[in-house]
Amino acid sequence: MELTVVGRHGPYADVGGAPCSCYLVQEGDTSLVLDMGPGSLGCLRKHIDIRKVTAFYFTHMHYDHVSDFLAMHYLLDDLNHKVKVIVQKSDLPIYDLLFNHPLVEVVNIDESSEIKIGDFTLTFTLLKHPIPNYGIRIKGATRTLCYTGDTMYTPKLIDFFRGADAVLADCSKPADFDGPHVNVTKAVQLEKETGVRILATHITPGKVPYDSFKDVPNMEIVEIGQKYSI
């Protein structure tokens, strides 16, 4: 299983256009895109032909995770290509804006869902955020990757992390941050509690916390454009 980091920032793109959250997970002939924040569509196309994406998954409806899928509508029209989207059902107006399109096939999920997509088996966990956010567990032939989307610290994360070979986690906010994301202090705590390899993301532009994780063996900050073997 291979993870490509298309974008890592939130809640807005960095100077120079470094994108918000977007990740490509691949194994065999299966390609799954996780979130599509601002600036991600063009960068995603550097790594894969959109027609070869097996499915798109969206953790929640905040703009820094979904905005570029609006622009995707124009590309789908040009290609006359239908895509599969896996997402929770939402009453927010942006849900219909994003997914009410003739070339978008929607599969709605909740915590009871288990979905087979190509070589992957997908399950979902509702995490703690101002609007509903479902973390995803991606199980391949021999490896498992989890992605939190956006979440505050909650003991539920411990069970979510355990059993994974790696977790792509929203855990990069400064130590004094007290809001709807995991800060670096809680991130180190999670590593100690689970022993799982943590790939830290959702980074505030200009505040990359390299020093916070330099002495933590199982933690690293993801870099845009890099590929990670899971």
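Everything numeric in this text was worked out from a predicted model, so none of it was measured.

A. Focus on the sheet that holds strand β12 (residues 198–201). The strand order across the open sheet built from seven strands is β7-β8-β9-β10-β11-β12-β13, with neighbouring strands paired in mixed fashion. Strands with a single pairing partner mark the edges of an open sheet, and in this sheet they are β7 (114–117) and β13 (219–221). Across this sheet, the average inter-strand angle for adjacent strands is 20°, counted without regard to direction. Examined bridge by bridge, strand β11 (residues 166–170) and β12 share four bridges and lie parallel to one another. Bridge pairing links Asp170 to Thr201 in β12.

B. Inspection of the packing of aromatic side chains at higher detail. Per the stated rule, a full pass over the model turns up eight aromatic pairs. Pairing Tyr57 with Phe124 gives two aromatic rings, centres 5.4 Å apart and planes at 35°, and the pair type is tilted. Of this pair, Tyr57 sits in strand β4 (residues 55–58) while Phe124 sits in strand β8 (residues 120–127), placing them 67 residues apart in sequence. With a centroid separation of 5.7 Å and an interplanar angle of 50°, the aromatic rings of Phe69 and Phe99 are classed as tilted. Taken as a pair, Phe69 in helix α3 (residues 68–79) and Phe99 in helix α4 (residues 93–99) lie far apart in primary sequence, 30 residues in all. The pair Phe69 / Phe99 is uniform in exposure class, with both members buried. Feature note: the residues Phe56, Phe58, Phe69, Tyr95 and Phe99 constitute an aromatic cluster, connected by ring pairs. Positioned over the ring face of Tyr153 is Lys186, at 4.7 Å from the centre of the ring.

C. How the structure looks around the pattern of salt bridges. Overall, the coordinates contain six salt bridges when judged by the stated rule. Across the pair Glu111 and Lys156 runs a salt bridge, and its minimum N-O distance is 3.0 Å. Of this pair, Glu111 sits in the loop between β6 (104–108) and β7 while Lys156 sits in helix α5 (residues 156–161), placing them 45 residues apart in sequence. Given a relative accessible area of 41%, Glu111 falls into the partly exposed group.

D. Spatial organisation of α3. Here α3 is 12 residues long and its end C-alpha atoms lie 17 Å apart, about the 16 Å a rise of 1.5 Å per residue gives. Taken together, the buried positions of α3 are occupied by Asp68, Phe69, Met72, His73, Leu75 and Leu76. Check the buried side of α3 and you find it contacts α1 (40–47), β4, α2 (63–66), β5 (83–87), α4 and β6. Count one or two residues on from α3 and you reach Asn80, which has phi positive near 50°.

E. Focus on the pairing of β5. Burial runs high along β5: four of the five residues are buried. Summarising the sheet, β4 and β5 pair through three bridges and their orientation is parallel. The residue of β5 that forms the bridge with Phe56 is Val85. Bridging between β5 and β6 involves five bridges; their strand directions are parallel. What sits directly across from Val87, in β6, is Asn108. Tracing the backbone out of β5, into α4 and back to the parallel element β6 gives a crossover that is right-handed.

Here is what the cut-offs are and how they apply
Counting restarts for each chain: residues are numbered from 1 in the order of the written sequence. In view of the model being predicted, local features appear only for residues whose pLDDT reaches at least 70, and side-chain atom pairs are presented and counted only at 80 or more, with totals across whole chains, interfaces and linings using the full set of residues. Hydrogens and water molecules were not included; the side-chain quantities draw on all heavy atoms of the structure. At least two DSSP bridges between two strands are needed for those strands to be called paired. In DSSP terms, a helix is any run of H or I states spanning at least four residues, a strand is any run of E spanning at least two, and both are numbered starting from the N terminus. Axis definition: a line fitted to C-alpha atoms, limited for helices to the stretch in contact. Angles are taken between N-to-C directions and run from 0 to 180 degrees. Aromatic rings from Phe, Tyr and Trp, taking only the six-membered ring of Trp, are treated as a pair when their centres fall within 6.5 Å; an angle between ring planes under 30 degrees marks them as stacked, one over 60 as edge-to-face, and anything in between as tilted. Only protein chains enter the calculation, and the probe is 1.4 Å; a residue is then buried if its accessible area is under 20% of its type maximum, exposed if over 50%, and partly exposed in between. Whether a charge sits over a ring depends on NZ of Lys or CZ of Arg being within 6 Å of the ring centre and within 35 degrees of the ring normal. For this document, the term salt bridge refers to a Lys or Arg side-chain nitrogen within 4 Å of an Asp or Glu carboxyl oxygen. Helix span, expected: 1.5 Å multiplied by one less than the number of residues in the helix. Any two residues whose heavy atoms approach within 4.5 Å at even a single point are treated as in contact. The crossover handedness rule: strands pointing away from the viewer, path from first strand over the helix to second strand clockwise, crossover right-handed.

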